[in-house]
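Okay, here's what each chain looks like letter by letter:
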Amino acid sequence: MTEKACSALAVLYICAARRGVVAGVAEERAEQEGREFAAARGLKIVAVVTDPFGDPVPQQRSGWLRVREMAERGEVGVVIVRWPNALSVEHERRYPELKHLRDFGCQLLFSWEPLADMAGLGATR
């Protein structure tokens, strides 16, 4: 697979539901929004990965660890999340994850409209 083709492959990461709560509107909205975002930018979503919301440490979530592994193996070039809090509610915990993705040629994009245009600018607050 070429680097350009890989960069068009994306994983949609959804971290919205509280623990013990059945999937609902927030997850559905995040998935729909993420799919529309990807389609508008010519990205192909190869996986949708979810985690319960609430743990501020991304590396303690099994879904996020799967996302990291996909980036490390070169399976995706883009990670789509709705907004920065999906990665962590503590902004300082986001930066090591952004660096880790970048180290493997992967970028993080926000699907929520007010942040969608900030792609590639490194804004995570």
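That block above? That's the structure.
All of these numbers come straight from a predicted model, not from anything done at the bench.

J.: Tell me about the nonpolar core, and name the residues and values.
T.: Within the largest apolar cluster, 21 residues are counted, with the highest numbers of intra-cluster contacts made by Val11, Tyr13, Val79 and Leu108. For this core, the secondary-structure elements that each account for two or more residues are strand E1 (9–18), strand E2 (44–53), helix H3 (62–72), strand E3 (78–81), helix H4 (94–103) and strand E4 (107–110). The residues contacting Val11, other than those within four sequence positions of it, are Ala47, Val49, Val67, Met70, Val76, Val78, Val79 and Ile80. In this structure, Ala30, Ala38, Val78 and Leu109 belong to the second largest nonpolar core, which totals twelve residues.

J.: Any chance you could break down the packing of H3 against H4 for me, citing the residues and the numbers?
T.: Axis separation between H3 and H4 bottoms out at 8 Å; the angle between their running directions is 30 degrees. By the angle between their directions, the pair H3 and H4 is classed as roughly parallel. The handedness of the crossing between H3 and H4 comes out as left-handed. On H4, the residues that touch Trp64, Arg68, Ala71 and Glu72 of H3 are Glu97, His100 and Leu101. Of the residues contributing to the contact of H3 with H4, the split by class is three nonpolar, one polar and three charged.

J.: Can you break down the packing of aromatic side chains residue by residue, with the values?
T.: The full count for this structure, using the stated rule, is two aromatic pairs. Both rings, one in Tyr13 and one in Trp64, keep their centres 5.1 Å apart while their planes meet at 70 degrees; by these two values the pair is edge-to-face. Pair noted here: Tyr13 is in strand E1 and Trp64 is in helix H3, with a separation of 51 residues, a long-range link. Across the pair, Trp64 and Tyr13 agree in class, each one buried.

J.: Which residues make up the side chain of Arg61, and what values go with them?
T.: Its place among the elements puts Arg61 in the loop between E2 and H3. Within the structure, the side chain of Arg61 is placed 2.8 Å from the side chain of Tyr13, a separation counted as a polar contact. Ignoring any residue separated from it by four or fewer positions in sequence, one finds Arg61 in contact with Tyr13, Cys15, Asp51, Pro52, Asp55, Pro56, Ala86, Leu87 and Ser88.

J.: Go over the pattern of salt bridges, please, and point to the residues and values.
T.: With the rule as written, the count across this model stands at seven salt bridges. A salt bridge links Arg35 to Glu31, with the shortest nitrogen-to-oxygen separation between them at 3.0 Å. Of this pair, Arg35 and Glu31 both sit in helix H2 (residues 25–40), four residues apart, which is roughly one turn of the helix. Classification of Arg35 as partly exposed rests on a relative accessible area of 40%. Relative accessible area serves as the criterion here: at 29%, Glu31 is assigned to the partly exposed category.

About the cut-offs
Residues numbered from 1 in each chain as written. Predicted model: local features only at pLDDT ≥ 70, side-chain atom pairs only at ≥ 80, totals over all residues. Heavy atoms only, no water. Core = buried A, V, L, I, M, F, W, Y, C linked by side-chain atoms within 4.5 Å. Buried < 20%, exposed > 50% of the residue type's maximum accessible area, 1.4 Å probe, protein only. Helix = DSSP H or I, 4+ residues; strand = E, 2+ residues; numbered from the N terminus. Contact = heavy atoms within 4.5 Å. Axes fitted to C-alpha atoms, helices over the stretch in contact; angles between N-to-C directions. Parallel < 35°, antiparallel > 145°, perpendicular 65-115°, else oblique. Left-handed = near helix turned anticlockwise from the far one by under 90°. Nonpolar A, V, L, I, M, F, W, Y, C, P; charged D, E, K, R; others polar. Phe/Tyr/Trp six-rings, centres within 6.5 Å; stacked < 30°, edge-to-face > 60°. Polar contact = N/O pair within 3.5 Å; in protein donor to acceptor, adjacent residues only side chain to side chain. Salt bridge = Lys/Arg side-chain N within 4 Å of Asp/Glu carboxyl O.

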